[in-house]
Amino acid sequence: PDNVRSGHPHISAAEIQAYPNPASDWLTIGMPQEISGEVYCTLASLNGQVVMTDMVSLDYGHAFTLSTNAFPNGMYQLTVAHPEGIYSVKILIQH
């Protein structure tokens, strides 16, 4: 599946949203309402090369944005880790 979640049994994979997808300059990531505090984000190419890591502090249920304008066109895997679970979604960057 495109969205994968592990960890907390009460949070479904569908609750993480990444848009627009495809992204050109910015990507917005919407997190489940239950999630707050620090989340660790990793963006990697599909061959596993990590191109970005970032720590983001969230209020409950808020979205955050990542700049994508420095990354070449292509498919990427965005992983967001939090004590409540690890979320992963495929992202297309297209300038």
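Look up a bit, the structure's there.
Not measured: the values here are computed from a predicted model. (Residues numbered from 1 in each chain as written. Predicted model: local features only at pLDDT ≥ 70, side-chain atom pairs only at ≥ 80, totals over all residues. Heavy atoms only, no water.)

**Some remarks on the overall build of the protein**
Part 1 of the argument: Counting its regular elements, the protein contains 0 helices and 8 strands.
Part 2 of the argument: Along the protein, from the amino end to the carboxyl end, the secondary structure elements read β-β-β-β-β-β-β-β.
Part 3 of the argument: The proportion of buried residues among the 95 residues of the protein is 38%.
Part 4 of the argument: Contacts in the protein between residues at least 24 apart in sequence constitute 56% of all its contacts with a sequence separation of at least 6.
Part 5 of the argument: For the protein, the computed accessible surface area is about 5200 Å², with 52% contributed by carbon and sulfur atoms. (Helix = DSSP H or I, 4+ residues; strand = E, 2+ residues; numbered from the N terminus. Buried < 20%, exposed > 50% of the residue type's maximum accessible area, 1.4 Å probe, protein only. Contact = heavy atoms within 4.5 Å. Areas by Shrake-Rupley, 256 points an atom, 1.4 Å probe, with all protein chains shown as cover.)

**Topic: the pairing of strand E8 (residues 85–93)**
Part 1 of the argument: As defined by bridge partners, strand E7 (residues 74–82) adjoins E8 across 9 bridges and the pair is classed as antiparallel. Of the residues in E8, the one forming a bridge with leucine 78 is valine 89.
Part 2 of the argument: Following E7, the chain reverses through 2 residues before pairing antiparallel with E8. (Pairing = 2+ DSSP bridges.)

**Brief notes about the sheet that holds strand E2 (residues 17–19)**
Part 1 of the argument: The strand order across the open sheet formed by 3 strands is E2-E3-E6, and the pairing between neighbours is antiparallel. Each of the sheet's edge strands pairs with one partner strand only, and the pair in question is E2 and strand E6 (63–67). The sheet shows a mean angle of 20° between the axes of neighbouring strands, direction not considered. (Axes fitted to C-alpha atoms, helices over the stretch in contact; angles between N-to-C directions.)

**What to know about unusual backbone geometry**
Part 1 of the argument: In this model, tyrosine 19 is joined to proline 20 through a cis peptide bond whose omega is -10°.
Part 2 of the argument: At the junction of asparagine 21 and proline 22, the peptide bond is cis and its omega measures out at 20° in the coordinates.
Part 3 of the argument: As for its position among the elements, proline 22 is in the loop between E2 and strand E3 (26–30).

**A look at the pairing of E3**
Part 1 of the argument: Counting buried residues along E3, 4 of its 5 residues qualify, which places the element largely inside the surrounding structure.
Part 2 of the argument: Bridging between E2 and E3 involves 3 bridges; their strand directions are antiparallel. Each residue of the ladder has a partner; that of alanine 18, found in E3, is isoleucine 29.
Part 3 of the argument: The turn linking E2 back onto E3 is made up of 6 residues.
Part 4 of the argument: Sheet analysis places E3 next to E6, joined by 5 bridges and oriented antiparallel. From the neighbouring strand, threonine 28 faces E6, where its bridge partner is threonine 65.

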